[in-house]
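Structure at a glance
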Amino acid sequence: MIPYGRQSISEDDIKAVVDVLRGDYLTTGPAVGAFEAALAESVGARHAIACSNGTAALHLASLAIGLEPGDQVIVPSISFVATANGPRLVGAEIVFADVDPDSALLTPAALEDAISRADPQRLKAVFVVHMGGNPAPMAEISAIARARGLKVIEDACHALGTEAEDGRPWRVGDCAFSDCAVFSFHPVKTITTGEGGAITTNDDGLARRMRLERNHGLEREREGFGNEALAFDTDGATNPWYYELTRLGLNYRLTDFQAALGTTQLSRLPDFLRRRRALTARYREAFARLNDDSLSLVPAPASSDPALHLMVALVDFDRLGISRAKFMNRLRDKGVGTQVHYIPIHRQPYYVKASPTPELPGADRYYARCLSLPLYPDMTEADVDKVVEAVRAVAQG
Ligand SMILES: *Cc1c(COP(=O)(O)O)cnc(C)c1O
């Protein structure tokens, strides 16, 4: 069976984890800072804050930008539910935006439409998703958002390694057009730590707040202390055991063995990206040869060099006269695993109640046709050929 995605673990990855297990620190040790430094350097951001998963990263970002109950945020309806759940967990109301029907990316027009449905007094932020690894049009989105004083958070969980040109060259995670960018290191993502996540930012204040929130909200810096009687010895030195709870926080820490895996995975990132780009190119050539109007691949945005996480095919199931479930089952019978990314979030029962949304035709049109084909670094060119042949056979069935 060729799965739709899977991790690539090398002997060096295994050794890095085992070395930590034999060492002194399983958590809050030096491996976490080393991973954060390597990630920040890799994406070109000033700070990286590692945490327990991508959902925690979205929650931390939502807390750090100061979202409060009753605030509103815009989230595109095509994403994993966590993009909406992060801000929802701090009590924000989600205003779902439509997406481009072919790329599932937020567009400037869809953003304007969502803004027109929001309450200008309560609207605070826009969450942008680089769906599948394709970059959203960040320069335009950020210009629209900034003009209204909105924060911009990138959900970059699919897009580590993606580069684009938006008036100037930028890289996902460098936060050239955003306040922060959020990553997940779940096994199907571009690099993995098992479970894991991170936020990158160039804002010192946001970075400091996220580090506090990640660790219970415990202040350990002298400048942050409010209770002088408890904090200091008679000579004014800080008491060595002292910490202070100044804001309510969480335990969203990443362990040292996960961070060590993250660092070796990052050292393999250039190879992973080369493989993802080569396999994507092979898919594109093979689909062009199929020359079937019912079968296409999500196009890459102009002036972009995406490192795709998902190889999403757009299949006209109605025209082929076959349901998506049957199509998937027949592919599975041929040894090919597929997935659907994603059910529009505004159609989830929880959000139907919490955030009533008008029709979003782009999201519905994308959802009706999307099917994620296998894409992962250890896949071979022969695997791609097998997948495409299976798709052709089922479609022309
Ligand atoms: C994977 C993912 C998340 C959540 O990450 P976890 O590490 O699974 O919590 C959030 N948003 C998107 C777009 C994702 O793909």
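Residues numbered from 1 in each chain as written. Predicted model: local features only at pLDDT ≥ 70, side-chain atom pairs only at ≥ 80, totals over all residues. Heavy atoms only, no water.

Helices and strands together make up the secondary structure of the protein, namely 15 helices and 15 strands. Over its C-alpha trace the protein gives a radius of gyration of 22 Å, about what one expects of a compact globule, namely 21 Å for 397 residues. Taken over the C-alpha atoms alone, the protein extends approximately 85 × 55 × 40 Å along its principal axes. A total of 397 residues make up the protein; the buried ones form 55% of that total. Taking the contacts inside the protein whose residues are at least 6 apart along the sequence as the reference set, 74% of them involve residues at least 24 apart. Here the protein has roughly 16800 Å² of accessible surface; of this, 51% comes from carbon and sulfur atoms. (Helix = DSSP H or I, 4+ residues; strand = E, 2+ residues; numbered from the N terminus. Rg over C-alpha atoms; globule rule 2.2 N^0.38 Å. Buried < 20%, exposed > 50% of the residue type's maximum accessible area, 1.4 Å probe, protein only. Contact = heavy atoms within 4.5 Å. Areas by Shrake-Rupley, 256 points an atom, 1.4 Å probe, with all protein chains shown as cover.)

Okay, the packing of aromatic side chains next. The full count for this structure, using the stated rule, is eight aromatic pairs. Between Arg168 and the ring centre of Phe177, over which it is positioned, the NZ or CZ distance is 4.8 Å. Lying over the aromatic face of Tyr367, Arg324 brings its terminal NZ or CZ to 4.6 Å of the ring centre. (Phe/Tyr/Trp six-rings, centres within 6.5 Å; stacked < 30°, edge-to-face > 60°. Lys NZ or Arg CZ within 6 Å of the ring centre and 35° of its normal.)

Tracing the sequence through the fold places Thr192 in the loop between strand E8 (180–184) and strand E9 (197–201). Among the polar contacts listed, one links the side chain of Thr192 to the backbone nitrogen of Gly194, at a separation of 3.0 Å. Contact partners of Thr192, with chain neighbours within four places excluded, come to Gln7, Ile9, Phe185, His186, Pro187, Leu261, Gly262 and Gln265. (Polar contact = N/O pair within 3.5 Å; in protein donor to acceptor, adjacent residues only side chain to side chain.)

Before going further, it helps to spend a moment on the site of the ligand. Taken together, 15 residues sit near the ligand, with Gly54, Thr55, His158, Ser184 and Lys189 positioned nearest. A distance of 3.5 Å is found between an oxygen atom of the ligand and a side-chain nitrogen or oxygen belonging to Asn53. Relative to its unbound accessible surface of 380 Å², the ligand loses 92% to contact with the protein. Those elements that provide at least two residues to the shell around the ligand are helix H3 (54–64) and helix H4 (82–89). (Near = heavy atom within 4 Å.)

Here we come to helix H7 (residues 204–214). Of the residues making up H7, those classed as buried are Leu206, Ala207, Met210, Leu212, Glu213 and Arg214. Taken together, the buried residues of H7 touch helix H2 (30–43), strand E1 (47–51), H3, E9 and strand E10 (218–219). Near the N-terminus of H7, the side chain that reaches the backbone nitrogen of Gly205, with its oxygen 2.8 Å away, is that of Asp203. In the segment just after H7, His216 is the residue with positive phi, at about 70 degrees.

For the rest of this paragraph, the subject is the pattern of salt bridges. Scanning the entire structure with this criterion turns up 22 salt bridges. Residues Glu36 and Arg214 are paired through a salt bridge, measuring 2.8 Å at the closest nitrogen-oxygen approach. Of this pair, Glu36 sits in helix H2 while Arg214 sits in helix H7, placing them 178 residues apart in sequence. Overall, the relative accessible area of 8% leaves Glu36 in the buried class. Among the residues examined, Arg214 registers a relative accessible area of 13% and is labelled buried. (Salt bridge = Lys/Arg side-chain N within 4 Å of Asp/Glu carboxyl O.)

This part takes up the sheet that holds strand E2 (residues 72–76). Judged by pairing direction, the sheet is mixed, and its seven strands sit side by side in the order E1-E9-E8-E5-E4-E2-E3 without closing on themselves. Single-partner strands in this sheet number two, and they are E1 and strand E3 (93–97). Each strand of the sheet is rotated relative to its neighbour by a mean of 20 degrees, with strand direction disregarded. Bridging between E8 and E9 involves four bridges; their strand directions are antiparallel. Looking across to E9, one finds that Ser184 is bridged to Gly197. Most of the contacts of H2 go to E1, to which it runs at about 130 degrees, and overall it touches E1, E8 and E9. (Pairing = 2+ DSSP bridges. Axes fitted to C-alpha atoms, helices over the stretch in contact; angles between N-to-C directions.)

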